[in-house]
Amino acid sequence: MSSRNQHTTRDFHGYYQVQELYEVPDKTGGFKSQKRWMFCIVGFGSLKELTGCCEVRILKWDGTNEIIDMDKKDRITINGKKYGRRHWNH
């Protein structure tokens, strides 16, 4: 089973995001497309014992990275909105 991939990037409020377009085989022998914008986590840091959160380094559009928290449910918070595991990659 093979797949074909393409990707584009964007500046999302100062954070680097990549959108990967996956073409996966469907039941008819053709392909169906799936895509999602993903934040790029470039490293994991220490666990905060009191809150259970983990520090992560997220890639910024300018090439730097920022330390943010990841909660117990593997969610990061960007501009007040929580993004789960389906919206970040490392």
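Only a predicted model underlies this, so the values are computations on that prediction, with no experimental measurement involved.

J.: How do you make sense of the environment of glutamine 34 when you look at a structure like this?
T.: Here glutamine 34 shows up in strand S3 (residues 31–47). The class for glutamine 34 is partly exposed, based on a relative accessible area of 39%. Placed 14 residues apart in sequence, glutamine 34 and glutamate 20 show a C-alpha to C-alpha distance of 8.2 Å. Contact partners of glutamine 34, with chain neighbours within four places excluded, come to Glu20, Leu21, Tyr22 and Val24.

J.: Would you mind showing me how to read the environment of glycine 29 here?
T.: Examined against the element boundaries, glycine 29 turns out to sit in the loop between strand S2 (15–25) and S3. The spacing of glycine 29 and glycine 52 is 23 residues in sequence and 45 Å in space, taken between C-alpha atoms.

J.: Any chance you could explain unusual backbone geometry here in plain terms?
T.: If a residue is not glycine, its phi is most likely negative; likewise, a peptide bond is most likely trans. The backbone of histidine 13 shows a phi angle near 55°, a positive value even though the residue is not glycine. By the secondary structure assignment, histidine 13 is in the loop between strand S1 (4–12) and S2. With a phi close to 65°, aspartate 74 is a non-glycine residue in the positive phi region. The residue aspartate 74 is located in the loop between strand S5 (65–70) and strand S6 (76–78) in this model.

J.: Honestly, the pattern of salt bridges in this entry has me stumped. Any pointers?
T.: Side chains bearing opposite charge may pair, as long as their charged atoms lie close to each other. Under the definition given, this model contains two salt bridges. A salt bridge links glutamate 66 to lysine 60; the shortest N-O distance between them is 3.2 Å. Note on glutamate 66: relative accessible area 27%, which makes it partly exposed. The closest approach of N and O atoms between aspartate 71 and arginine 75, which form a salt bridge, is 2.7 Å.

J.: Whenever I open this one, the environment of asparagine 65 confuses me. Can you help?
T.: Positionally, asparagine 65 belongs in strand S5. Overall, asparagine 65 belongs to the partly exposed group, its relative accessible area being 35%. Among all residues touching asparagine 65, those that are not within four sequence positions of it are Val42, Arg57, Ile58, Leu59 and Lys60. A polar contact is formed between the side chain of asparagine 65 and the side chain of arginine 57, at a distance of 3.0 Å.

J.: Sorry if this is basic, but what is going on with the pairing of S3 here?
T.: For a regular strand, side-chain orientation follows a simple rule: the groups alternate between the two sheet faces. Taken together, the nine bridges between S2 and S3 define a ladder with antiparallel strand orientation. In the strand pairing of S3, leucine 21 is matched with lysine 35. Counted along the chain from S2 to the antiparallel partner S3, the turn is five residues long, and its residue glycine 29 has a positive phi close to 95°. The pairing of S3 with strand S8 (residues 88–89) spans two bridges and is classified as parallel. The residue bridging phenylalanine 39 from the neighbouring strand is tryptophan 88, located in S8. Pairing of S3 with strand S4 (residues 54–59), which is carried by four bridges, proceeds in the antiparallel orientation. Across the sheet, residue glycine 43 finds its bridge partner in S4, namely arginine 57.

The rules we used
- Residues numbered from 1 in each chain as written.
- Predicted model: local features only at pLDDT ≥ 70, side-chain atom pairs only at ≥ 80, totals over all residues.
- Heavy atoms only, no water.
- Helix = DSSP H or I, 4+ residues; strand = E, 2+ residues; numbered from the N terminus.
- Buried < 20%, exposed > 50% of the residue type's maximum accessible area, 1.4 Å probe, protein only.
- Contact = heavy atoms within 4.5 Å.
- Salt bridge = Lys/Arg side-chain N within 4 Å of Asp/Glu carboxyl O.
- Polar contact = N/O pair within 3.5 Å; in protein donor to acceptor, adjacent residues only side chain to side chain.
- Pairing = 2+ DSSP bridges.

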